[in-house]
Amino acid sequence: MAEIYDVELRNVTKKFGDFTAVKDISLGVHKGEFFSLLGPSGCGKTTNLRMIAGFEAPTSGEIFLDGQPVSQLPPFKRNVNTVFQNYALFPHLTVAENVAFGLEMKGLGKDEIRKRVADALEMVRLPDSGAKKPHQLSGGQRQRIALARAIVNRPQVLLLDEPLGALDLKLRKAMQLELKELQRQLGITFVFVTHDQEEALVMSDRIGVMNHGELLQVGTPEEIYDRPANRFVADFIGDTNFLPCRVTECQGEVAWVQVGQGIRVKAACDQAVSGERQATLAIRPEKIHLHPAGSAGGQGEDVFPGRIEEAVFMGTDTRYVVELEPGVQLVVRYQNVNAATERFREGETVAVSWRPISARVLLS
Amino acid sequence: MTARRKSLLAILLGPGAFWIGLFFLIPLILVVVYSFLERRSGGGVLWHFSLDAYIKLFSPTGETLINDFMMIVLRSLWWAALTSFVCLIIGYPLAFFIALQPPSHRTAYLFFVLIPFWTNFLVRTYAWKFILNNNGLLNNLLQALGMNRIALINTPTAVLIGLVYGSLPFMVLPLYASIEKLDFDLVEAAQDLGANYVRVFSRVILPLTMPGIVAGIVLVFIPVSGQYIVPTILGGGKVAMLGNLLAQQFGPALNWPFGSAIAVVFMALLMVGVIFYLRGDAREEEVGL
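Parameters and conventions
Residues numbered from 1 in each chain as written. Chains lettered and ligands numbered in written order. Predicted model: local features only at pLDDT ≥ 70, side-chain atom pairs only at ≥ 80, totals over all residues. Helix = DSSP H or I, 4+ residues; strand = E, 2+ residues; numbered from the N terminus. Buried ≥ 20, exposed ≤ 12 C-beta atoms within 10 Å, placed from the backbone. Contact = placed C-beta atoms within 7 Å. Domains from an automatic or database assignment. Nonpolar A, V, L, I, M, F, W, Y, C, P; charged D, E, K, R; others polar. Axes fitted to C-alpha atoms, helices over the stretch in contact; angles between N-to-C directions. Parallel < 35°, antiparallel > 145°, perpendicular 65-115°, else oblique. Left-handed = near helix turned anticlockwise from the far one by under 90°. Pairing = 2+ DSSP bridges. Expected span 1.5 Å × (residues − 1). Bend = angle between axes of the 7 residues up to and from the residue. Core = buried A, V, L, I, M, F, W, Y, C linked by C-beta atoms within 7 Å. pLDDT = per-residue confidence, 0-100.

**Thoughts on the overall build of chain B**
Part 1 of the reasoning: Assigned secondary structure in chain B consists of 13 helices and two strands.
Part 2 of the reasoning: Buried positions account for 29% of the 289 residues belonging to chain B.
Part 3 of the reasoning: Intrachain contacts of chain B at a sequence separation of at least 6 include 67% that bridge at least 24 residues.

Written out as structure tokens, the structure reads:
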């Protein structure tokens with residue numbers, strides 16, 4: 001028997017006139033999972049969220065909540081709640097009235113409502129804010145109230161539309177961890193929409209990467225980061241060196257590729273390649289190691305001679321641009337473990353190495 | 001405040017203050033002053049202080065004028081309230097519709113709302129007379145459709161139609177202004193929290209557009225309570241409102257102090273009412289939109 005997902009999209013397409021916002025997406029979110037939809041603005045991630053919430057109906061396909069098709073249900077009949085990007089707190093109601101809104105709609109008793117509102121405010125660590133109006137709160141506080149207003153209803157699924165987008169960096173980082181912790185405590189399924197790759201990596205159990213309405217890859221943060229399915233995913237998440245290359249041989253998951261004129265390297269390849277073909281070699285800057293010239297590199301690593309073109313000190317690490325041969329340059333981030341005198345200088349000849357598993361062949 | 005800012009304020013506010021002073025404040029003071037003067041038999045006033053007008057208005061015995069006056073005041077207030085209500089019922093969906101249109105279309109719709117102002121109100125009211133007459137457009141149409149003619153002209157219904165027609169733009173514009181400001185994310189938020197369409201309206205849309213409703217009611221209620229043209233032309237003088245009473249005193253009855261006293265008393269009544277009304281609203285409005 002197939003798993004009953006908490007949220008499932010089956011071949012969902014959404015068109016606005018001629019514009020296709022979401023293209024044939026199928027996706028299942030497990031119960032209690034923190035799932036992020038990640039992608040640049042306009043990629044369709046928010047449209048996806050709005051279809052789950054019920055504000056938009058799919059043009060084709062079906063959405064299931066806890067195994068039940070819900071595409072025909074209006075938002076107020078779905079057991080999901082949304083934390084809106086701009087919070088959408090009711091300006092004419094107090095904080096407590098805002099949080100109580102959903103419970104009143106459910107027709108709960110006054111005492112029950114008062115107790116649950118107090119609990120929810122406690123949970124977002126704003127227990128004394130009930131009598132205030134939303135405009136008397138700071139951005140971060142409003143964000144917490146919006147969260148409290150949603151979780152107080154104990155929804156089956158909580159939908160969050162870039163809820164941290166309006167906060168400053170420090171507050172955002174703190175809220176990321178807090179939100180993750182809250183999700184763990186509540187055990188509610190979170191579907192979190194963001195364009196911030198770091199946010200998605202930090203918080204999610206799994207991430208779905210979207211672009212131009214398509215779901216490109218779904219996986220854990222590690223999978224998405226270490227094994228990006230294509231160039232867009234590799235580029236969007238983290239920094240990556242992209243080198244044009246030619247695949248000359250491919251056996252199982254290992255490929256031999258030629259980069260530039262004379263560099264032959266071993267690389268990981270997810271798809272079988274027959275014969276020779278053009279591709280892109282992707283290597284993360286932090287997975288490349290630098291050694292003094294002549295060094296043999298680490299065990300199992302491929303080593304190439306190179307020359308430091310640029311060295312920029314960035315605090316915890318140094319960002320080098322290394323040229324392997326004319327026209328073939330790599331960005332390397334190397335942690336500043338050693339004393340400053342031991343860093344490489346511009347113009348210096350070095351040995352560049354990486355493990356074959358760190359280099360990935362991406363077919364376009 | 002620096003001298004420079006003071007002179008800047010004087011330049012900016014001067015023309016408006018001058019205008020209001022000349023055409024609003026001075027006539028208003030004149031009316032109040034007239035109400036305390038003696039009647040001149042050929043019209044106008046004699047410059048002797050007198051409370052005759054107020055005594056006549058409030059004298060408990062003798063003439064039944066106070067009863068007539070109270071009746072007319074109540075009737076005027078009733079018509080003003082009824083007109084405001086009907087305008088609200090018609091104007092709210094209309095304003096809502098306009099506010100939901102794409103921005104480029106809204107201007108066109110507002111333009112249509114304002115088009116009647118291009119023609120003199122008196123002329124437009126006469127046009128309604130032609131529509132509502134026993135032999136008018138409406139009745140001819142009814143007859144052509146095989147229905148009975150209805151007597152409309154010189155009835156309260158005709159007056160109401162005329163009052164609503166004339167007042168509707170004053171209701172629609174402030175309503176539009178407040179509905180247009182409404183953040184429709186809040187509607188979605190309410191639905192998301194389980195509010196059905198009725199509750200979204202009563203709990204979110206209505207309270208947030210209350211400033212527009214209040215403004216619209218004030219803008220309709222006050223002018224209608226002093227209406228003169230519509231009850232005269234479409235009501236045939238049978239539906240006397242305050243405006244008619246005033247016109248009678250300044251016109252045929254040639255009792256300017258008495259007319260002024262009626263105006264002053266009614267103005268005071270309205271002012272007290274409106275102040276209480278707006279105060280209640282201001283308290284509601286402390287939401288810091």
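**Brief notes about the overall build of chain A**
Part 1 of the reasoning: Scanning chain A from terminus to terminus reveals eight helices and 20 strands.
Part 2 of the reasoning: Taken along its principal axes, the extent of the C-alpha atoms in chain A is 75 × 50 × 40 Å.
Part 3 of the reasoning: Scored against the burial criterion, the 364 residues of chain A give a buried share of 40%.

**Focus: the environment of Tyr 87 of chain A**
Residue and element names in this part refer to chain A.
Part 1 of the reasoning: Note on placement: Tyr 87 falls in the loop between strand 6 (80-83) and helix 2 (95-105).
Part 2 of the reasoning: For Tyr 87, a count of 22 C-beta atoms within 10 Å corresponds to the buried category.
Part 3 of the reasoning: As a C-alpha pair, Tyr 87 and Ala 146 span 59 residues in sequence and 5.5 Å in three-dimensional space.
Part 4 of the reasoning: Ignoring anything within four residues of it in the chain, the contact list for Tyr 87 reads Arg 142, Gln 143 and Ala 146.

**Here's the deal with the domain arrangement of chain B**
All names here are of chain B.
Part 1 of the reasoning: We note that the domain assignment places domain 1 (1-35) and domain 2 (64-284) within chain B.
Part 2 of the reasoning: Contact with domain 1, which involves four residues of that partner, is made by six residues of domain 2.
Part 3 of the reasoning: Here the side of domain 1 that touches domain 2 is built from residues that sort into three nonpolar, one polar and no charged.

**Quick notes on the packing of helix 5 (residues 121-132) of chain B against helix 7 (residues 156-181) of chain B**
Packed helices, taken two at a time, are described by the angle their axes make and the gap between the axes.
Residues and elements named next belong to chain B.
Part 1 of the reasoning: At their nearest, the axes of helix 5 and helix 7 sit 11 Å apart, and the two run at 140 degrees to each other. Comparing their axes, helix 7 and helix 5 come out oblique. Seen from above, helix 5 lies across helix 7 with right-handed handedness. Counting all contacts with helix 5, which are made through Phe 121, Thr 125, Trp 128 and Leu 132, the residues of helix 7 involved are Ala 158, Ile 161, Gly 162, Tyr 165 and Gly 166.
Part 2 of the reasoning: Class assignment for the residues of the contact of helix 5 with helix 7 results in six nonpolar, three polar and no charged.

**A closer look at the pairing of strand 11 (residues 241-251) of chain A**
All names here are of chain A.
Part 1 of the reasoning: As defined by bridge partners, strand 11 adjoins strand 14 (residues 277-283) across seven bridges and the pair is classed as antiparallel. Looking at strand 14, one finds that Val 247 is bridged to Arg 277.
Part 2 of the reasoning: In the sheet, strand 11 pairs with strand 12 (residues 254-259) via six bridges, with the strands oriented antiparallel. Along strand 12, the bridge assignment pairs Arg 246 with Gln 258.
Part 3 of the reasoning: Between strand 11 and the antiparallel strand that follows it, strand 12, lie two residues; Gly 252 among them carries a positive phi value of about 60 degrees.

**Section: helix 1 (residues 3-35) of chain B**
Part 1 of the reasoning: Compared with an ideal rise of 1.5 Å per residue, which puts 33 residues at 48 Å, helix 1 of chain B spans 42 Å between its outermost C-alpha atoms and falls more than 12% short.
Part 2 of the reasoning: The sharpest bend along helix 1 of chain B comes to roughly 45 degrees, located at Leu 13 of chain B, with the proline Pro 15 of chain B sitting one to four residues further on.

**Remarks on the sheet that holds strand 1 (residues 7-16) of chain A**
All names here are of chain A.
Part 1 of the reasoning: Ordered in space as 2-1-4-5, the four strands form an open sheet in which the pairing is antiparallel. Edge positions in the sheet fall to strand 2 (19-29) and strand 5 (68-69), since each of these pairs with one other strand and no more.
Part 2 of the reasoning: Pairing of strand 1 with strand 2, which is carried by seven bridges, proceeds in the antiparallel orientation. Opposite Lys 15, over in strand 2, you have Thr 20 as the bridge partner.

**Description of the interface of chain B and chain A**
Part 1 of the reasoning: Contact with chain B, which involves 17 residues of that partner, is made by 20 residues of chain A.
Part 2 of the reasoning: Ranked by residues supplied to the side of chain B that touches chain A, first place goes to helix 8 (residues 184-192) of chain B with six residues.

**Quick look at the sheet that holds strand 15 (residues 289-292) of chain A**
All names here are of chain A.
Part 1 of the reasoning: The strand order 15-19-16-17-18 describes an open sheet built from five strands, whose pairing is antiparallel. Each edge of the sheet is formed by a strand with only one pairing partner; in this case those strands are strand 15 and strand 18 (328-335). Strand-to-strand, the axes of this sheet are offset by a mean angle of 45 degrees, without reference to chain direction.
Part 2 of the reasoning: Across four bridges, strand 15 lies against strand 19 (residues 349-354) in antiparallel orientation. Bridge pairing in strand 19 places Pro 292 opposite Val 350.

**Here we look at the domain arrangement of chain A**
Residues and elements named next belong to chain A.
Part 1 of the reasoning: Domain boundaries assigned for chain A yield domain 1 (7-235) and domain 2 (239-362).
Part 2 of the reasoning: Listed per partner, the contact involves five residues of domain 1 and six residues of domain 2.
Part 3 of the reasoning: For the side of domain 1 that touches domain 2, the per-class residue count stands at one nonpolar, one polar and three charged.

**So, the environment of Asp 183 of chain B**
All names here are of chain B.
Part 1 of the reasoning: When you line up the elements, Asp 183 lands in the loop between helix 7 and helix 8.
Part 2 of the reasoning: A tally of 15 C-beta atoms within 10 Å means that Asp 183 is categorised as partly exposed.
Part 3 of the reasoning: Through-space distance from the C-alpha of Asp 183 to that of Leu 208 is 9.2 Å; in sequence the pair is 25 residues apart.

**Regarding the nonpolar core**
Part 1 of the reasoning: Counting residues in hydrophobic clusters, the biggest one holds 106 residues, and the most contacted among them are Val 99, Val 191, Val 257 and Leu 281 of chain A.
Part 2 of the reasoning: Ile 161, Leu 168, Val 172 and Ile 179 of chain B belong to the second largest nonpolar core, which has 42 residues in total.

**Notes on unusual backbone geometry**
Part 1 of the reasoning: We note that Ala 88 of chain A has phi near 50 degrees; this positive angle belongs to a residue other than glycine.
Part 2 of the reasoning: The exposure class of Ala 88 of chain A is buried, given the 25 C-beta atoms found within 10 Å.

**Focus on the pairing of strand 16 (residues 302-313) of chain A**
Remember that side chains alternate between the two faces of the sheet whenever the strand is regular.
All names here are of chain A.
Part 1 of the reasoning: Bridge count between strand 16 and strand 19: six bridges; the pairing is antiparallel. Across the sheet, the residue bridging to Val 303 is Ser 353, located in strand 19.
Part 2 of the reasoning: As defined by bridge partners, strand 16 adjoins strand 17 (residues 317-325) across six bridges and the pair is classed as antiparallel. When the bridges of strand 17 are listed, Val 312 appears paired with Arg 319.

**Quick notes on the confidence of the model for chain B**
Part 1 of the reasoning: Looking at chain B, pLDDT values average 87 and 93% of them are 70 or higher.
Part 2 of the reasoning: Across the interfaces of the predicted complex, the ipTM metric reaches 0.82, alongside a pTM of 0.80.

**Quick notes on the packing of helix 8 of chain B against helix 9 (residues 197-208) of chain B**
All names here are of chain B.
Part 1 of the reasoning: Two elements in contact, helix 8 and helix 9, have axes separated by 10 Å at closest approach and are oriented at 140 degrees. Considered as vectors, helix 8 and helix 9 are oriented oblique to each other. Crossing angle aside, the handedness with which helix 8 passes helix 9 is right-handed. For the pair helix 8 and helix 9, the contacting residues are Leu 186, Val 187, Ala 190 and Gln 191 in the first and Val 200, Arg 203, Val 204 and Ile 205 in the second.

**Notes on the environment of Glu 222 of chain A**
Part 1 of the reasoning: Its location among the elements puts Glu 222 of chain A in helix 7 (residues 221-226).
Part 2 of the reasoning: In sequence terms Glu 222 of chain A and Asp 205 of chain A are 17 residues apart; their C-alpha atoms lie 9.8 Å from each other.

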